[in-house]
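Observations on chain architecture
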Amino acid sequence: MRALIHDPAAPSGLRLGEVPEPVPVAGQALIEVHAVSLNFAEAAYAADRTPAGTVMGLDAAGVVLEPAADGSGPPPGARVVSFGWAAGGWAERRAADTGHLAVVPDSVDLGTASTLPAAGVSALRAVRDLGPVLGRRVLVTGASGGVGRFAVQLAALAGAHVIASVGSRARGEGLRELGAAEVVIGPGQVGAPVFGVLDNVGGPQLAEAFGLLEDGGVLQSVGKASLEPTTFDFEEERRKGGRKRLEVFMVGNPVYGPTFGPDLGRLVRLLEAGALTPRIGWRGPWHRAPEAVEALLSRRVLGKAVLDVPGEG
């Protein structure tokens, strides 16, 4: 079968190639993949973290060809969205753990559903990790990206006063309609302390956002889109007084259990109800994957990039 393979010598580190068919184990369903979504971290860190020849892809949506042999999961023909820690999603077929699947209703486009696993579940769990946010001020940095746009919506649905921080006025497009009460160009424009921060940028912005926390506030470090290190002046923080926490967010935190399925299902239901709106800023056939990766890494994509599988060419 064909798949998108990590190739350090290829444009953007990806090429279409032939790989062996996946062989599901007892708790896995075989899925015919129709659409996949790209995540910034997958593209940015592939060279350092991914061996050459690996089939890429955490997120994929499609149709069940063969149900799991152990009887778990949906039946043949079911439309599903899937996540896989071992990647393997950017292929014509995928063997996926049934615990990492959610059924997608006919009214929801599979390409849209493919945006949910890594970015949507990360946003959902990061908002949850802040604790109760009803009536509280929550800052989301990198709010125009995949995780950021989901975080803005989910924090607003939880009752927060959401401040969306972006890199430019153009990247703030549509965030108020998604639930942001304020849109700012960087944390420096935030005019009052905040209870919580969901930081997707890292680097100097993380330190700046941490300094905005009120007494008892918490910052979840979700991502590092800046690809820059962070330096803290903790003496300055001590002079300010008060208590604040910096936590390294991990979407696979054991507190959520071993599977993505339940949270994926929650997001699919919000999507079906019109309460969640993924922004697909780039979409095309999968043979254009290098173009999509370049657009994502150069910050020219608002929201998510989606590849349709298989594409012609």
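Scroll up a little and you will see the structure.
Below is a short write-up of the structure. (Residues numbered from 1 in each chain as written. Predicted model: local features only at pLDDT ≥ 70, side-chain atom pairs only at ≥ 80, totals over all residues. Heavy atoms only, no water.)

Considerations on the overall build of the protein
Filter applied, for reference: The helix count covers DSSP runs of H or I at least four residues long, the strand count covers runs of E at least two residues long, and both are numbered beginning at the N terminus. Exposed residues in this analysis have more than 50% of their type's maximum accessible area, buried residues have under 20%, and partly exposed residues fall in between, with area computed by a 1.4 Å probe over protein chains only. Contact criterion: two residues are considered in contact whenever any of their non-hydrogen atoms come within 4.5 Å of each other. Using a 1.4 Å probe, the Shrake-Rupley method yields the accessible areas, and only the shown protein chains count as cover for residues. Asp and Glu are treated as the negative residues and Lys and Arg as the positive ones, with His and the ends of the chain left uncounted. By convention, charge coordinates are those of NZ in Lys, CZ in Arg, CG in Asp, or CD in Glu.
Counting its secondary structure elements, the protein contains 8 helices and 15 strands. Here the C-alpha coordinates of the protein stretch approximately 60 × 40 × 30 Å along the principal axes. Going through the 313 residues of the protein one by one, you find that 52% of them count as buried. The contacts of the protein with a sequence gap of at least 6 include a subset with a gap of at least 24, amounting to 69%. Of the roughly 13200 Å² of accessible surface on the protein, 55% is carried by carbon and sulfur atoms. Across the protein, the 29 positively charged side chains and the 33 negatively charged ones have centroids separated by 5 Å.

Points about unusual backbone geometry
With an omega dihedral of -15°, the bond running from Val-309 to Pro-310 counts as a cis peptide bond. Mapped onto the elements, Pro-310 comes out in the segment after strand 15 (304–308). For Ala-87, which is not glycine, the phi dihedral falls at a positive 60°. With a phi close to 65°, Arg-299 is a non-glycine residue in the positive phi region. Here Arg-299 lies in the loop between helix 8 (289–297) and strand 15. Take Arg-299: its relative accessible area is 34%, and that puts it in the partly exposed class.

So, the pattern of salt bridges
Rules: By definition here, a salt bridge exists when the distance from a side-chain nitrogen of Lys or Arg to a carboxyl oxygen of Asp or Glu is within 4 Å.
Counting across every chain of the model gives 17 salt bridges. A salt bridge links Asp-308 to Arg-283; its shortest N-O distance comes to 2.8 Å. Of this pair, Asp-308 sits in strand 15 while Arg-283 sits in strand 14 (residues 280–285), placing them 25 residues apart in sequence. Through salt bridges with shared partners, one network takes in Arg-2, Glu-21, Glu-92 and Arg-93.

Side note on helix 7 (residues 261–273)
Residues separated by three or four positions in an α-helix point in the same direction, a consequence of the helix having 3.6 residues per turn. Our working definition: Multiplying one less than the number of residues by 1.5 Å gives the expected span of a helix.
With 13 residues, helix 7 extends 18 Å between its outermost C-alpha atoms, agreeing within 8% with the 18 Å of an ideal straight helix rising 1.5 Å per residue. Contact partners of the buried residues in helix 7: strand 5 (79–83), strand 7 (101–103), helix 2 (110–113), helix 3 (116–129) and helix 4 (146–157). Two residues or fewer after helix 7 comes Gly-274, characterised by a positive phi angle close to 80°.

What to know about the side chain of Ser-114
Residue placement: Ser-114 occurs in the loop between helix 2 and helix 3. When near neighbours in sequence (up to four residues on either side) are disregarded, Ser-114 contacts Ala-35, Val-36, Ser-37, Asp-59, Ala-61, Val-81 and Val-306.

Considering the nonpolar core
Note that soluble globular proteins tend to have their nonpolar side chains buried in a common cluster. Filter applied, for reference: For this analysis, a nonpolar core means a set of buried residues of the types Ala, Val, Leu, Ile, Met, Phe, Trp, Tyr and Cys, connected via side-chain atoms within 4.5 Å.
Core analysis: the largest hydrophobic core is formed by 45 residues, its most contacted members being Val-81, Leu-116, Val-140, Val-152 and Leu-154. Counting only elements with at least two residues in this core, the list comes to strand 5, helix 2, helix 3, strand 8 (137–141), helix 4, strand 9 (161–166), strand 11 (194–199) and helix 7. No other element matches the 8 residues that helix 3 contributes to this core. Sequence-distant contacts of Val-140, that is, excluding residues within four places in its chain, are made with Gly-148, Ala-151, Val-152, Val-162, Ile-163, Ala-164, Ser-165, Leu-198 and Asn-200. One finds Leu-4, Leu-38, Val-301 and Ala-305 within the second-largest nonpolar core, a separate group that totals 22 residues.

Read these as geometric descriptors, not functional statements.
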